Amino acid sequence: MRPALTPEQEAVFRGQLTDAEGALHQLIIGKKAVTLSYNGESVTYTQANEARLRNYIRELQAKLGLIPSARRRGVRV
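Basis of the calculations
The residue numbering used here restarts from 1 in each chain and proceeds along that chain's sequence as written. Residue-level local features of this predicted model are given only where pLDDT is at least 70; pairs of side-chain atoms are given and counted only at 80 or more, and the full residue set underlies all totals for whole chains, interfaces and linings. Water and hydrogen atoms play no part in the side-chain values, which are based on all heavy atoms of the structure. Per the convention used, a helix needs a DSSP run of H or I reaching at least four residues, while a strand needs a run of E reaching at least two, with both numbered from the N terminus. Between the rings of Phe, Tyr and Trp (Trp by its six-membered ring), a pair exists once the centres lie within 6.5 Å; its type follows the angle of the planes, with under 30 degrees stacked, over 60 edge-to-face, and the other angles tilted. Residue burial is assigned from relative accessible area. The probe radius is 1.4 Å, only protein chains are included, and a residue is buried under 20% of its type maximum, exposed over 50%, and partly exposed in between. Each salt bridge in this description consists of a side-chain nitrogen of Lys or Arg and a carboxyl oxygen of Asp or Glu lying within 4 Å of one another. By definition, two strands form a pair when at least two bridges between them are found by DSSP. When checking whether two residues touch, look at their non-hydrogen atoms; a contact exists if any pair is within 4.5 Å.

**What to know about unusual backbone geometry**
Part 1 of the argument: With a phi angle near 50°, N39 is a residue other than glycine that sits in the positive phi range.
Part 2 of the argument: Checked against the element boundaries, N39 lands in the loop between β1 (33-38) and β2 (41-46).

Here's what the structure looks like:
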């Protein structure tokens, strides 16, 4: 089970998710590179590492509880 987020943490993650989704949109419509800043670092994404940006978006969505954070293993009966 994921720990509950404080309202401040949720606001930060939602802002980061909005920025990341906007960056992905820019890549998809043909912008050559986009730069995001998070955790005190700047990262430039290009079409060559679009998958890495998509993974970052999924991580943020999982932190916000928008998608499951981990795959559950099947239970044998």
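**A look at the packing of aromatic side chains**
Part 1 of the argument: For the structure shown, the criterion picks out one aromatic pair.
Part 2 of the argument: Residues Y38 and Y56 carry aromatic rings whose centres are separated by 4.3 Å and whose planes lie at 20° to one another, so their mutual orientation is stacked. With Y38 in strand β1 and Y56 in helix α2 (residues 50-63), this pair connects stretches of sequence that are 18 residues apart. Residues Y38 and Y56 agree in their burial class; the two are buried.

**A short note on the pattern of salt bridges**
Part 1 of the argument: By the definition in use, this model includes two salt bridges.
Part 2 of the argument: Close ionic contact of R14 with E10 constitutes a salt bridge, the shortest N to O distance being 3.0 Å. Placement of the pair is R14 and E10 together in helix α1 (residues 7-28), with a separation of four residues, close to one helical turn.
Part 3 of the argument: Residue R14 is classed as partly exposed on the basis of its relative accessible area, which comes to 37%.
Part 4 of the argument: Close ionic contact of R54 with E50 constitutes a salt bridge, the shortest N to O distance being 2.8 Å. In this pair, R54 and E50 are both assigned in helix α2, four residues apart and thus about one turn of the helix distant.
Part 5 of the argument: Since its relative accessible area comes to 33%, R54 is described here as partly exposed.
Part 6 of the argument: The class for E50 is partly exposed, based on a relative accessible area of 23%.

**Examining the pairing of β1**
Part 1 of the argument: Burial along β1 is one-sided: V34, L36 and Y38 are buried, while A33, T35 and S37, pointing the other way, are not.
Part 2 of the argument: By the bridge criterion, six bridges tie β1 to β2 in an arrangement that is antiparallel. When the sheet's bridge partners are listed, L36 is paired in β2 with V43.
Part 3 of the argument: Counted between consecutive antiparallel strands, the loop separating β1 from β2 contains two residues, among which N39 sits at a positive phi close to 50°.

**So, the side chain of Q61**
Part 1 of the argument: You can see Q61 is positioned in helix α2.
Part 2 of the argument: Residue Q61 is classed as buried on the basis of its relative accessible area, which comes to 19%.
Part 3 of the argument: In contact with Q61, other than residues within four places in its own chain, are L17, E21, L66 and I67.

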